[in-house]
Each structure stands twice: as structure tokens, then as C-alpha cells.
Amino acid sequence: MNPSRRSSRGPLPSIHRLAALAIALTLAGCASTAVSDNYTQVQALTRQSVGSDVKWLTSDEARREAQTATDRLLAKPLSADDAVRIALAYSPSLQAMLYESAAEAAETSQSARLPNPVFSFERLVRNEAGMREIEIGRVLSFSVLDLLLLPSRLRLADYRYQTTRLTLAGNVVQASTDARQAWVNAVAAQQLLQYAEQVKAAADAGAEVARRMHAVGNFSKLQRAREQAFSADAVAQLARARQAALASREALVRALGLNDAQAGALTLPGRLPDLPAAPRDEALVAQAALDQRLDVSMARANLEFTARDQGLTRVTSFVNGLELGVVHNSETGRPPQRGYSLELPLPIFDFGDATRSRSQATYMAALNRTAQLAVAARSQVREGYGAYRTAYDLSRHYRDEIVPLRKTIAEENVLRYNGMLIGVFELLADSREQISSVMQAIEAQRDFWLADAALQATLIGKPVGAPAMEAASSSGSAAPAH
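Quantities reported herein were computed from a predicted structural model and do not represent experimental measurements. (Residues numbered from 1 in each chain as written. Predicted model: local features only at pLDDT ≥ 70, side-chain atom pairs only at ≥ 80, totals over all residues. Heavy atoms only, no water.)

Tracing the chain through its elements places Ser141 in strand S2 (residues 131–143). A relative accessible area of 0% means that Ser141 is categorised as buried. (Helix = DSSP H or I, 4+ residues; strand = E, 2+ residues; numbered from the N terminus. Buried < 20%, exposed > 50% of the residue type's maximum accessible area, 1.4 Å probe, protein only.)

Dropping the structure here:
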């Protein structure tokens, strides 16, 4: 038998056997511990950044408790914070993320373990001069290089654990942001629907008055047609508002993972929250960009691991295999043979220069990618804060300037109407203008809370698109000419 087929480990001294057993037991217990540690640390990260707890439903009892808690929250008008709580403690999509993260952690634990020793058995029979001889070969082999590189393997596993944690934390932040923004859109769409119904009522009233005045000859056909056209436009606007309210409500249902019964029980507040007394401080926001961003932490961890891996590559580029085996052969009529075998690849054709060059290039790429990520993080925070501050100023402008002015104009026009200085159509047109300004104020308030959620996500490292703050237009804003 050729004893150099595979390397292996033979009998070890007792102290070495105990050390090997300790390593094996430590690695065997890594999987469940790593999964639990990942979940615990993600809980801490999200509690600090999002302000709500992530719950992993690993039993039927936990799932029943989560459903009961969700039903209790849905028994009253749902707040934005409660929507986030449901998304992080009940949503099936988030539970899927948690289980996928657990699977990745278990796979990482598996990759950190030493490969099992290999036992080879060989039985050969030889007939010579009427004699039957049996030769038996046994080899127990293991990779010495894998044992020597165990610390590096454990460092790689630790890096993968950290990457899994940060990725999961980012996904949790994304789920939280999606739930909060879906809630803002649903409440705002519900408010806009109410005012669209008021526009429709005012338009219908104007069209009816125009019809009656035209019937008695006090209104021209053109004037009546203009009022009817406005009423028809209001019908279309109301239909769009109803569809927007339905679509935004269903988007919230999907973000929270509600079933049909829970979706039917979902009720929303009558209006969006008021603006905060003052906007966030820009200096504090900029400082938080690099203190708590998950993508920056992940890039730094990757750079540190790549730097360590580069030093290891310099060694393994020359020696990429070392196997040791203990051999025991026995043959009929002969004393048994004992010995060992050693396998070592010879760097004749491949001197490892390409591997070393690749490692150095990978490190430099990681270094520059980290630097670019820091630049992008600061830029994204500045952009997100700009959108946040613009939305805040616009919403406050509508609240403090435009809406009060429209209200004053409406009150003055009522006095003029009572004094018979203006007619009913001028009064209806002014009413439509006032309703339109309130609808635009609601849209500005909605954009602020969307920008607030987007800025929070950007600070954590999961930037989302800021709301488009375009000039508001309403079909009810223009009064028909007479």
C-alpha cells in the first residue's frame, strides 16, 4: 500500500487529546450560541436606533402572544409608533428575515469548524505459490494546515457574524422606515379624501345654483357650463382621492403583515401629528452620520478583516496544504508496519505571486471603498437634512401663513356676501380656494413626516428617497370666470 495517499492524525498524548476535544466541543456549541448572540445584539441596535423592540417568534405560544398584542393595538386608532411595533414584532416578512439571519449564522458556525479526520481502510489479497496472503492498510489523516489556520478561520467567522448582524439590523431599520412612511401616507390620504369630498360638495352646490339661474334666464349657457365643468372635475378628483386612500391603506396593511380580519379592524387617526416645535439641529445630525451608520461600521469591519487576511495570504500563497497521517499496515506472516506520512505541495509551477497581488488589490479596493462610503454618508446626510428642513419650513409656512390668510379672506367674503357686495358664486369660489389651501397644507405636512422618517433611516445607514416636494396643484384652486 502507498501510505502517502492522505495525511491523518494518529494516537495523541493525553494532553493533546484533551486540547483537541476542547476545541471540538467549543466549535460544536458555536451554532446555537451565535444565533442567539446575533439576535440579542440586533435587538440592542434596533432598540437604540428605532426605539422599538424586535421580537423573534420561535414558538406557537410566542406567535399567539404577538397576534394578541397586535389585535390590542388595532382596537384603537393606530399611531405611527404602534405601526412600527407591529412591523417589528408580528410582520411575517420580518420573521423571515430573522430566520434567514439564523440560517446564515449557523452556516458561519459550520464553516468555522475543523474538517473531520478521515479514516481509510484497505484490504488486499494475494495468492502466490498456493499461499493466500492478506494485506491490510489503515490510515487516519487530518489536515495540519487547517489546524494551524484555525485562529484565522475563527476570525473569518467572527467577521461573517458581524456582517450578518449589521445586515439584519439594516433590514430591520428598513422595515421600520417602510411601516412609518406607509402610516404617514395612509393618514394623509385619508385627510385629503375628506377635503376632496368637501370640494365635491361645493362644486355640486355651484352647479345646482347655475342650473337654476340658467333656467330662469339669469345665467348664460357659458356660465352654467363652466360651473358644470368644475363639478365634473371635482368628481374625478374625488375618485382619485378615494383610490389613493385605498392604495395607501393597503400598503400599510402589507407593511404590517396584517391578515384579513386585522386589516378590517385597522383604524387610523383623523389627522397627521403636529409639527415639532423646532427642527433637528444640523450639527448634531451631521455628527451622527458616522457615529451610528450601519454601512460605515460594516465597511470598517471589512477593511480590518481584509488587512488581516492579506498577511495570511502571504503565508498560504507559498504553502497552501500540509497534511499529516499515521499509518498502520499489517500483512500475513509479517510483522505490522507503523509510521507516518506527510504531504506538502511544492511551489514549482505556482509561486503564489498572483494570489498575493490579488490580496493586495482587494485590500486597496476595500480601503478606497471605505473612504468613498464615508464621503457618500456625509453627502446623503446633508441631502436628507436639506429635504427635511425644506419640508419643515414649507409645512410651517402653510400652517402659519397661507391657511390663516385664506381663512381671513373667507371670513371677509362672508361679511361682503351678507352685505350683498358679492354673489354666491364668488363665495363658493373663495370656499374652494380655502379648501385647496388646506389640502396643500396637508400634503406639506405629509412630506415633512416622510422626510423625517427618511432622514432617520439615512442616519442609521439605510437611506431612502426623500419625498418629491413639487408645487401643489388642485383642480379646485381656480374659480371659474363668469
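So much for the structure itself; the text now carries on.
Time to look at the packing of aromatic side chains. All told, the structure shown has five aromatic pairs when counted by the stated rule. Their ring planes at 70° and their centres at 5.3 Å tell us that Trp56 and Tyr99 sit as a pair that is edge-to-face. On the criterion of sequence distance, the pair formed by Trp56 in the loop between helix H2 (30–49) and helix H3 (60–74) and Tyr99 in helix H5 (residues 92–111) is long-range, its members being 43 residues apart. The exposure class of Trp56 is buried, given its relative accessible area of 19%. Seen in terms of ring centroids, Phe448 and Trp449 are 4.9 Å apart; in terms of plane orientation they differ by 70°. Their pairing is edge-to-face. An aromatic cluster is defined as three or more aromatic residues linked by ring pairs; in this entry it consists of Tyr385, Tyr388, Tyr392, Phe448 and Trp449. Lying across the ring of Tyr388, Arg280 places its NZ or CZ 6.0 Å from the centre. (Phe/Tyr/Trp six-rings, centres within 6.5 Å; stacked < 30°, edge-to-face > 60°. Lys NZ or Arg CZ within 6 Å of the ring centre and 35° of its normal.)

With that settled, consider the nonpolar core. The biggest cluster of nonpolar side chains holds 40 residues, and the ones touching the most others in it are Leu78, Ile86, Trp183, Leu252, Leu256 and Leu266. Residue assignment for this core shows that the elements contributing at least two residues are H3, helix H4 (80–89), helix H7 (150–215), helix H8 (221–256), helix H12 (353–418) and helix H13 (424–460). Of all the elements, H7 adds the most residues to this core, at seven residues. With near-sequence residues (within four places) excluded, Leu256 lies in contact with Leu78, Ala83, Ile86, Ala87, Tyr90, Ser91 and Ala179. (Core = buried A, V, L, I, M, F, W, Y, C linked by side-chain atoms within 4.5 Å. Contact = heavy atoms within 4.5 Å.)

This structure, assessed with the given rule, holds one cavity of 30 Å³ or more. One number sums up the size of the largest cavity: a volume of about 60 Å³. The wall of the largest cavity is formed by Val35, Asn38, Tyr39, Trp56, Leu98, Ser101, Ala102, Ala105 and Leu168. Every element with two or more residues in the lining of the largest cavity is listed here: H2 and H5. Counted by class, the lining of the largest cavity contains seven nonpolar, two polar and no charged residues. (1 Å grid on protein atoms, 1.4 Å probe; cavity = no way out; pocket = protein on both sides within 12 Å on 5 of 7 lines; lining within 4 Å. Points joined across faces, edges and corners; volume = space filled by probe spheres on them. Nonpolar A, V, L, I, M, F, W, Y, C, P; charged D, E, K, R; others polar.)

We now examine the environment of Gln67. Here Gln67 lies in helix H3. Gln67 sits 24 residues away from Ser91 along the chain, and the two C-alpha atoms are 9.9 Å apart. Here Gln67 is in contact with Tyr90, Asn259 and Gln262, once residues within four sequence places are set aside.

This paragraph deals with the confidence of the model for the protein. Predicted coordinates in areas of low pLDDT are best not read in detail. Of all residues in the protein, 77% attain a pLDDT of 70 or more, and the chain-wide mean is 77. In this model, residues 1–25 is a region of pLDDT below 50 whose contacts with residues beyond four sequence positions or in other chains number 50 contacts. This stretch, residues 472–482, has a pLDDT under 50; its non-local contacts, to residues over four places away or in other chains, come to 29 contacts. (pLDDT = per-residue confidence, 0-100.)

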